[in-house]
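# Coordinate analysis (summary)
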Amino acid sequence: MSNLEQTLSIIKPDAVERNLENEIKEMFKHKGFSIIKEKKIQIEKSEAERFYKVHETKPFYNDLCAYLSSGPIVVMVLEKDNAVSGNRELMGATNPNDAAEGTIRKKFGISIDKNSVHGSDSIENAKIEINFFFKD
Ligand code: CMP
C-alpha cells in the first residue's frame, strides 16, 4: 500500500557554499524523491531560533542558530512513500563521523554542526517545518 508523505529538507550553508546543491538534489532524485517546492534563502538568526526551538535548552543552540543563518540555504519539500524515514536514512547519522557509507552526511558533512543537511525527524514535525517555510 502506498504511504505518500512529505518532509522538509534543508541544504545547510556549508553545502551551499561548496556548490553541492545540485549533487545533493541528484541524490534525492536518485532515491525517488520528488522536489515539490524549493527556494534558496538566507534567514535571520531570530528565524533560526524559532525553527530550532525544540533545541533551545541544548548547549549547542546558540551556535546552531548562528550557523543556520550565516549564509544561503536551500529549503525543499520532498515527497515519496515514507519520505520522513527515507530522508533520514539517506541523510545518515547527525554526526558525519557516524554516518553510513552512501549517505549525504558521510559524503559531504564536515562536522556535527556543518553536517550539510537537515531533515524533519517525524511526520508531525515535517508538517510544522513545511508550514514554517512554505505557508501560502
Ligand atoms: P539537524 O538535523 O539540523 O538538527 C539540529 C542540529 O544541531 C543537528 O542537525 C546538528 O547539526 C546540530 N548539533 C550540534 N551539536 C549537536 C549535538 N551534540 N547533538 C545533536 N545535534 C547537534
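In what follows, the accompanying structure is described. (Residues numbered from 1 in each chain as written. Predicted model: local features only at pLDDT ≥ 70, side-chain atom pairs only at ≥ 80, totals over all residues. Heavy atoms only, no water.)

## Section: unusual backbone geometry
If you check the backbone angles, Asn 19 has positive phi at about 55° while not being a glycine. Relative to the elements of secondary structure, Asn 19 occurs in the loop between α1 (13-17) and α2 (21-30). Overall, Asn 19 belongs to the exposed group, its relative accessible area being 68%. Of note in this structure, Ser 116 is not a glycine but carries a positive phi near 70°. (Helix = DSSP H or I, 4+ residues; strand = E, 2+ residues; numbered from the N terminus. Buried < 20%, exposed > 50% of the residue type's maximum accessible area, 1.4 Å probe, protein only.)

## As for the site of the ligand
Contacts to the ligand come from Lys 12, Tyr 52, His 55, Phe 60, Leu 64, Thr 94, Arg 105, Ile 112, Asp 113, Asn 115 and His 118. In the model, an oxygen atom of the ligand is placed 2.6 Å from a nitrogen or oxygen of the Tyr 52 side chain. One nitrogen or oxygen atom from the side chain of Asn 115 is found 3.2 Å from an oxygen atom belonging to the ligand. Notes on the ligand: free accessible area 450 Å², of which the protein chains cover 77%. Looking at the shell around the ligand residue by residue, the class counts come to four nonpolar, four polar and three charged. (Near = heavy atom within 4 Å. Polar contact = N/O pair within 3.5 Å; in protein donor to acceptor, adjacent residues only side chain to side chain. Areas by Shrake-Rupley, 256 points an atom, 1.4 Å probe, with all protein chains shown as cover. Nonpolar A, V, L, I, M, F, W, Y, C, P; charged D, E, K, R; others polar.)

## Notes on the layout of surface pockets
A volume near 670 Å³ is recorded for the largest pocket. Residue lining of the largest pocket: 25 residues in total, with Tyr 52, Val 54, His 55, His 118 and Gly 119 positioned closest to the centre. When residues of the lining of the largest pocket are traced back to their parent elements, those giving at least two are α3 (45-51), α5 (83-91), β4 (117-119) and α7 (123-133). Tallying contributions element by element places α7 first for the lining of the largest pocket, with four residues. Of the residues belonging to the lining of the largest pocket, the class tally is 10 nonpolar, seven polar and eight charged. In this model, the second largest pocket occupies a volume close to 190 Å³. Every residue along the wall of the second largest pocket is listed here: Met 27, His 30, Lys 31, Phe 33, Lys 80, Gly 86, Glu 89, Leu 90, Glu 101, Gly 102 and Thr 103. With three residues, the top contributor of residues to the lining of the second largest pocket is α5. (1 Å grid on protein atoms, 1.4 Å probe; cavity = no way out; pocket = protein on both sides within 12 Å on 5 of 7 lines; lining within 4 Å. Points joined across faces, edges and corners; volume = space filled by probe spheres on them.)

## Observations regarding α7
All of the buried residues along α7 are Ala 126, Glu 129, Ile 130, Phe 132 and Phe 133. Seen along its axis, α7 keeps its buried residues to an arc of 155°; they face one direction. Relative to its buried face, α7 has exposed residues pointing more than 90 degrees away, namely Glu 124, Lys 127 and Ile 128. Here the buried face of α7 lies against β1 (4-11), β2 (34-41), α3, β3 (73-81), α5 and β4. (Arc of directions from axis to C-beta. Contact = heavy atoms within 4.5 Å.)

## What to know about the pairing of β1
With six of its eight residues buried, β1 lies for the most part within the structure. Here β1 runs beside β3; their pairing, made up of eight bridges, is antiparallel. The residue bridging Ser 9 from the neighbouring strand is Met 76, located in β3. (Pairing = 2+ DSSP bridges.)

## Some points on the environment of Ser 116
Of note, Ser 116 is situated in the loop between α6 (104-108) and β4. With a relative accessible area of 0%, Ser 116 lands in the buried category. For the pair Ser 116 and Ala 100, spaced 16 residues apart in sequence, the C-alpha separation works out to 15 Å. With residues up to four places along the chain from it excluded, the contact list for Ser 116 reads Ile 10, Ile 11, Lys 12, Asp 14, Ala 15, Arg 18, Phe 108 and Gly 109. For Ser 116, the side chain forms a polar contact with the side chain of Arg 18, separated by 3.4 Å.

Taken by themselves, the reported measurements are silent on function.
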